[in-house]
Amino acid sequence: MAGGNEELRNGVSNGMDDLEEYLHRLCSEVTLWSTKEGFFSHFVEQISAHVSEQFLEKFGKMKDDDERFRKIWEVKPIHTLKVTSFFKQKSREVSEKRRNDGNKAFQDKKYQQALIAYSQAVMRAPHHDGDTYSLALANRSAVLYHLEQYRHCLTDIDLALKADYPPSLTYKVLDRRGQCLLKLRQYRAAFEAFKEAAQALSAADLNEKKLTVWEKDLAKKIDMCHGKEDENEEKSTSQSPSANLFCGPSRVLPNASSVVTLQESKDEGRYAVVNRRVPTGQVLMAERPYASVLMENKSGFHCTHCYLRLVAPVPCEWCCGVAFCSPKCRDLAVSSYHRWECRFLDLMIGSGVSLNVSLALRVAAQHDLLFFQKLQDRLSQPAVLPSTTSPHRPEDYLSFYHMAGLEEHRSGRDFFHRALIAAFLLKILQRAHYFGKWDDEGPPDKPLTEDEALLGRLLLRHLQVSQFNAHEISGMTFMSGENNYVATKSVFLGLAVYPTVAFCNHSCFPAVARFFDGDKMVIVNLRPLSPGDAVAENYGPIFTHMPRQERQRKLLSRYWFRCRCEACEQDWPMYEMMPERRMLRCQTCGTALPVRTGNKSHVKCTQCGSSTNAVDACKALDKAQKVFDSAREHMDEGRREEAIRDFNRYVDTVSGLVVPPHKELHLAMQSLRHLVACRGTIVTAPAKK
């Protein structure tokens with residue numbers, strides 16, 4: 001906002017209405033495309049030269065997105081944009097080179113280096129051009145075995161065998177499968193694997209001496225498996241502790257705690273509150289996204305579908321632009337959105353469009369045309385506040401469709417820009433054969449079919465909704481050694497829409513923090529909540545780190561509202577400016593008590609007239625200080641859960657005795673925020689001490 005402040009000081013905006021319009025425009029384009037990278041911003045400049053201010057004014061006053069999209073399609077110059085498949089293709093030569101690099105590293109026992117080279121070989125290998133792919137998988141399975149990654153090793157062996165691994169070498173990977181199963185104490189499956197390996201020796205290209213050695217070795221391994229009972233496989237558990245919803249799930253909001261309910265008002269819209277007292281540290285929401293997109297520069301490190309850290313990436317059959325943690329995630333992606341996006345990934349990247357735009361496309365691409373055709377009649381149904389008779393359905397497209405898009409506040413120029421993006425996205429879907437076979441030789445500006453017009457207006461709607469309702473997906477990294485929670489950093493991984501979490505309004509004094517287990521967002525309260533309190537999260541600006549004027553400008557430009565939380569209304573000081581003194585809380589009405597004078601033990605509340613024992617309150621605060629010191633010690637020494645436990649106790653106690661802002665209370669809550677975030681995905685390997 002530095003540049004924005006400069007222009008404001010120079011008088012670009014006069015009056016509050018001008019300021020709002022200026023800030024809206026300042027942010028809106030940023031959520032669509034980059035002005036420094038890609039071709040789309042230049043394309044917009046070219047198209048804008050063909051339209052007048054009168055056209056834009058009329059465009060903004062059109063009755064709905066259907067009319068707007070049909071109108072943009074009639075603007076002939078938009079069809080000069082050439083949309084064609086553009087993606088990183090497979091290469092047998094590159095794959096073989098990287099496999100050879102992996103072989104050398106493996107022979108030198110540089111197993112991590114070998115894993116990287118073999119993974120690159122797997123990703124670049126063509127799936128339908130010889131045995132390059134299966135050989136890369138088999139070689140990677142060997143290094144995975146040495147790294148004790150037995151599950152991933154088994155997956156690679158299965159994939160290699162399905163990819164027509166050479167029969168003369170099959171005995172090797174079947175033997176490795178048996179050895180993995182032995183390590184996992186799955187003796188019956190190991191027995192079958194060794195037996196299959198022995199049978200596969202008939203196709204092996206071995207001399208008589210080596211064949212005899214292999215036969216004896218496999219016979220010995222088969223005997224080892226006899227009479228042994230399988231051990232129960234450990235069920236995979238979430239990375240994150242305490243992920244169970246407090247007091248069980250709600251009947252109205254299935255991804256929220258039963259203590260969370262919804263209210264609605266003209267100013268606040270639909271928003272989440274609690275209906276009973278909630279102590280600090282409870283899980284109030286846990287939700288997987290309706291749709292999400294991974295940042296392009298994280299695609300080699302995290303699963304495109306679920307965001308888990310990659311160990312042995314599983315590739316797409318056709319492109320090299322995505323990677324998955326497992327065949328399951330690959331199949332889920334390919335059966336929904338990736339089949340349409342696959343051949344256009346590098347085109348999207350090269351265009352310079354934002355991640356919000358990719359998210360808008362993803363919402364459409366994860367459903368086929370028939371889905372939207374069947375849904376069409378429901379689109380006109382008004383949004384209703386979820387209730388016991390009509391509970392929230394976060395997996396329903398309409399839960400996304402009815403989120404706030406603030407179309408009533410948009411200018412004609414804003415609609416025009418978003419309609420241009422929607423037309424670009426529709427052209428991608430056309431050429432991906434989403435609507436049936438596309439003729440590349442036909443005219444690019446041929447009239448829209450009704451199905452194309454339907455998807456066009458929905459894409460335009462998606463671009464409005466994603467601007468205000470997309471959440472960052474993040475992970476945490478340790479900046480100075482493993483489990484050093486004093487020095488951690490949040491790392492941006494992608495963007496997603498969470499229909500239940502979207503009911504959480506903003507506060508500069510947030511009530512909750514979040515962490516991510518892959519793409520699953522978990523919401524935990526940072527302070528005790530009373531009935532009627534909002535489940536308020538923070539959209540970026542927080543009062544302890546940013547002055548009110550700057551917070552207001554950021555929120556006005558990015559989210560188009562003026563914050564009226566208590567930190568803004570009372571203009572609380574930032575952390576460095578907070579006074580050391582504490583204001584005691586009236587134990588009857590909760591307001592701040594006047595300062596105690598003289599030797600009186602009790603202080604009378606000026607609001608309700610009741611008296612509070614200030615001496616007892618101060619003693620309780622002194623006792624709580626010891627809990628705070630204990631929490632800091634646990635945090636400094638890397639004991640996360642113990643630190644969270646003590647900080648929760650401290651915040652619960654002090655919140656009942658002191659009115660914010662209070663320096664140590666906010667320090668405790670900020671520490672809790674970091675610790676809770678570290679319950680989730682750890683993005684990079686900890687730095688070595």
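Residues numbered from 1 in each chain as written. Predicted model: local features only at pLDDT ≥ 70, side-chain atom pairs only at ≥ 80, totals over all residues. Heavy atoms only, no water.

Under an unreviewed UniProt entry, the name given to the chain is SET and MYND domain-containing protein 4, and the organism recorded is Scylla paramamosain.

Engineer: Sorry, what's going on with the overall build of the chain here?
Structural biologist: Helix and strand counts for the chain come out as 25 helices and 14 strands. Burial statistics for the chain: of 689 residues in total, 51% are counted as buried. Accessible surface, the chain as shown: approximately 33300 Å² in total, 48% of it carbon and sulfur. Taken as two groups, the 93 positive and 85 negative side-chain charges of the chain have centres that lie 4 Å from each other. (Helix = DSSP H or I, 4+ residues; strand = E, 2+ residues; numbered from the N terminus. Buried < 20%, exposed > 50% of the residue type's maximum accessible area, 1.4 Å probe, protein only. Areas by Shrake-Rupley, 256 points an atom, 1.4 Å probe, with all protein chains shown as cover. Lys, Arg positive; Asp, Glu negative; His and termini not counted. Charge placed at Lys NZ, Arg CZ, Asp CG, Glu CD.)

Engineer: Is there a simple way to think about the pattern of salt bridges in this case?
Structural biologist: Note that side chains of opposite charge can pair when their charged atoms are close. Taken as a whole and judged by the stated rule, the model has 37 salt bridges. Between Arg70 and Asp66 there is a salt bridge, with its nearest N and O atoms 3.1 Å apart. Of this pair, Arg70 and Asp66 both sit in helix H5 (residues 65-73), four residues apart, which is roughly one turn of that helix. Given the relative accessible area of 29%, Arg70 is considered partly exposed. Asp66 sits in the partly exposed class, given a relative accessible area of 23%. A salt bridge links Arg92 to Asp129; its shortest N-O distance comes to 3.7 Å. Highlighted residues: Arg92 in helix H6 (residues 92-107) and Asp129 in the loop between helix H7 (111-124) and helix H8 (132-146), separated in sequence by 37 residues. (Salt bridge = Lys/Arg side-chain N within 4 Å of Asp/Glu carboxyl O.)

Engineer: Explanation requested: the pairing of strand E1 (residues 260-265) in the structure shown.
Structural biologist: The two faces of a sheet get side chains in turn, since along a regular strand they alternate between them. Across six bridges, E1 lies against strand E2 (residues 269-274) in antiparallel orientation. Across the sheet, residue Val260 finds its bridge partner in E2, namely Val274. Count of turn residues in the E1/E2 antiparallel hairpin: three residues. (Pairing = 2+ DSSP bridges.)

Engineer: It is not clear to me how the side chain of Ser507 should be interpreted in this structure. Could you clarify?
Structural biologist: Within the secondary structure, Ser507 sits in the loop between strand E8 (488-497) and strand E9 (512-517). Of the polar contacts made by the side chain of Ser507, one reaches the backbone nitrogen of Phe509; its length is 3.0 Å. (Polar contact = N/O pair within 3.5 Å; in protein donor to acceptor, adjacent residues only side chain to side chain.)

Engineer: Whenever I open this one, the packing of aromatic side chains confuses me. Can you help?
Structural biologist: Two aromatic rings are characterised by how far apart their centres lie and by the angle between their planes. As enumerated under the stated definition, the model contains 30 aromatic pairs in all. Where Phe40 meets Phe424, the ring centres are 5.3 Å apart and the plane angle is 45°; that geometry is what we call tilted. In this pair, Phe40 sits in helix H3 (residues 40-48) while Phe424 sits in helix H19 (residues 412-431), placing the two residues 384 residues apart along the sequence. Seen in terms of ring centroids, Phe628 and Tyr650 are 5.0 Å apart; in terms of plane orientation they differ by 55°. Their pairing is tilted. Of this pair, Phe628 sits in helix H23 (residues 614-636) while Tyr650 sits in helix H24 (residues 640-657), and the two are 22 residues apart along the sequence. Just as Phe628 is buried, Tyr650 falls in that class too. Lying over the aromatic face of Phe415, Arg68 brings its terminal NZ or CZ to 3.7 Å of the ring centre. A cation sits over an aromatic face here: Lys663 above Tyr575, 5.2 Å from the ring centre. (Phe/Tyr/Trp six-rings, centres within 6.5 Å; stacked < 30°, edge-to-face > 60°. Lys NZ or Arg CZ within 6 Å of the ring centre and 35° of its normal.)

Engineer: Quick question: what am I supposed to make of unusual backbone geometry here?
Structural biologist: For residues other than glycine, phi is negative in most cases, and the peptide bonds are mostly trans. Of note, the bond from Pro660 into Pro661 is cis; its omega dihedral lies within 30 degrees of zero at 5°. Within the secondary structure layout, Pro661 lies in the loop between strand E14 (658-659) and helix H25 (663-677). For Lys109, which is not glycine, the phi dihedral falls at a positive 60°. Its place among the elements puts Lys109 in the loop between H6 and H7. The exposure class of Lys109 is exposed, given its relative accessible area of 61%.

Engineer: Help me understand the packing of H7 against H8 in this model?
Structural biologist: Two quantities define a packed helix pair, namely the angle between the helix axes and the distance between the axes. The interhelical angle for the contact between H7 and H8, taken along N-to-C directions, is 160°, at an axis separation of 9 Å. The angle between H7 and H8 falls in the class roughly antiparallel. Handedness of the H7/H8 crossing: left-handed. Across the interface between the two elements, Tyr111, Ala114, Leu115, Tyr118, Ser119, Ala121 and Val122 from H7 touch Tyr133, Ala136, Leu137, Asn139, Arg140, Val143, Leu144 and His146 from H8. Of the residues that constitute the contact of H7 with H8, the class distribution is 11 nonpolar, three polar and one charged. (Axes fitted to C-alpha atoms, helices over the stretch in contact; angles between N-to-C directions. Parallel < 35°, antiparallel > 145°, perpendicular 65-115°, else oblique. Left-handed = near helix turned anticlockwise from the far one by under 90°. Contact = heavy atoms within 4.5 Å. Nonpolar A, V, L, I, M, F, W, Y, C, P; charged D, E, K, R; others polar.)

Engineer: What is the right way to read the packing of H19 against helix H20 (residues 450-469) from this model?
Structural biologist: Packing of H19 against H20 leaves a shortest axis separation of 9 Å and a crossing angle of 130°. Comparing the axis directions of H19 and H20 gives the class oblique. In the crossing of H19 with H20, the sense of the turn from one axis to the other is right-handed. Seen from H19, the contacting residues are Phe415, Arg418, Ala419, Ile421, Ala422, Leu425, Leu426, Leu429 and Gln430; seen from H20, they are Glu452, Leu455, Gly456, Leu459, Leu460, Leu463, Gln464 and Gln467. Within the contact of H19 with H20, the residues separate by chemical class into 11 nonpolar, four polar and two charged.

Engineer: Whenever I open this one, the sheet that holds strand E3 (residues 283-287) confuses me. Can you help?
Structural biologist: Strands pair in a sheet through their backbones, by hydrogen bonds, and they do so in one of two ways: parallel or antiparallel. Taking strand neighbours across the sheet as the criterion, the three strands line up as E3-E10-E9 in an open arrangement whose pairing is antiparallel. Because the sheet does not close on itself, it has two edges, and the strands there are E3 and E9. For this sheet the average axis-to-axis angle between neighbouring strands, irrespective of direction, equals 20°. Where E3 meets strand E10 (residues 520-525), four bridges bridge the pair, whose relative direction is antiparallel. Looking at E10, one finds that Ala286 is bridged to Val522. The strands touched by H25 are E9 and E10; relative to E9, the strand with the most contacts, the crossing angle is about 15°.

Engineer: Is there a simple way to explain the side chain of Glu341 in this structure?
Structural biologist: Tracing the backbone through its elements, the reader meets Glu341 in helix H14 (residues 338-341). Take Glu341: its relative accessible area is 7%, and that puts it in the buried class. At 2.8 Å, the side chain of Glu341 forms a polar contact with the side chain of Arg362. When residues no more than four places from it in sequence are discounted, the contact partners of Glu341 are Leu361, Arg362 and Ala365.

Engineer: Help me out: how do you make sense of the nonpolar core in this one?
Structural biologist: The biggest cluster of nonpolar side chains holds 125 residues, and the ones touching the most others in it are Phe40, Ile72, Tyr397, Phe416, Ile421, Phe424 and Leu455. Considering every element that reaches this core, the biggest residue donor is H19, with 12 residues. Not counting the four nearest positions on each side in its chain, Phe424 is found in contact with Phe39, Phe40, Leu81, Val83, Leu347, Met348, Ser351 and Val353. The next biggest cluster of nonpolar side chains, apart from the first, holds 54 residues, and it includes Phe509, Phe543, Val603 and Tyr650. (Core = buried A, V, L, I, M, F, W, Y, C linked by side-chain atoms within 4.5 Å.)

Engineer: What should I look at first to understand the sheet that holds strand E7 (residues 470-478) in this one?
Structural biologist: Taking strand neighbours across the sheet as the criterion, the three strands line up as E4-E8-E7 in an open arrangement whose pairing is antiparallel. Lying at the two open borders of the sheet, with one neighbouring strand each, are strand E4 (291-294) and E7. Strand-to-strand twist in this sheet, taken as the mean axis angle between neighbours without regard to direction, amounts to 40°. Pairing of E4 with E8, which is carried by four bridges, proceeds in the antiparallel orientation. Opposite Leu294, over in E8, you have Gly494 as the bridge partner. Here helix H16 (residues 355-365) sits on the sheet and contacts E4, E7 and E8; the angle it forms with E4, its principal contact strand, is near 135°. H20 contacts E7 and E8 of the sheet and is inclined by roughly 40° relative to E7.

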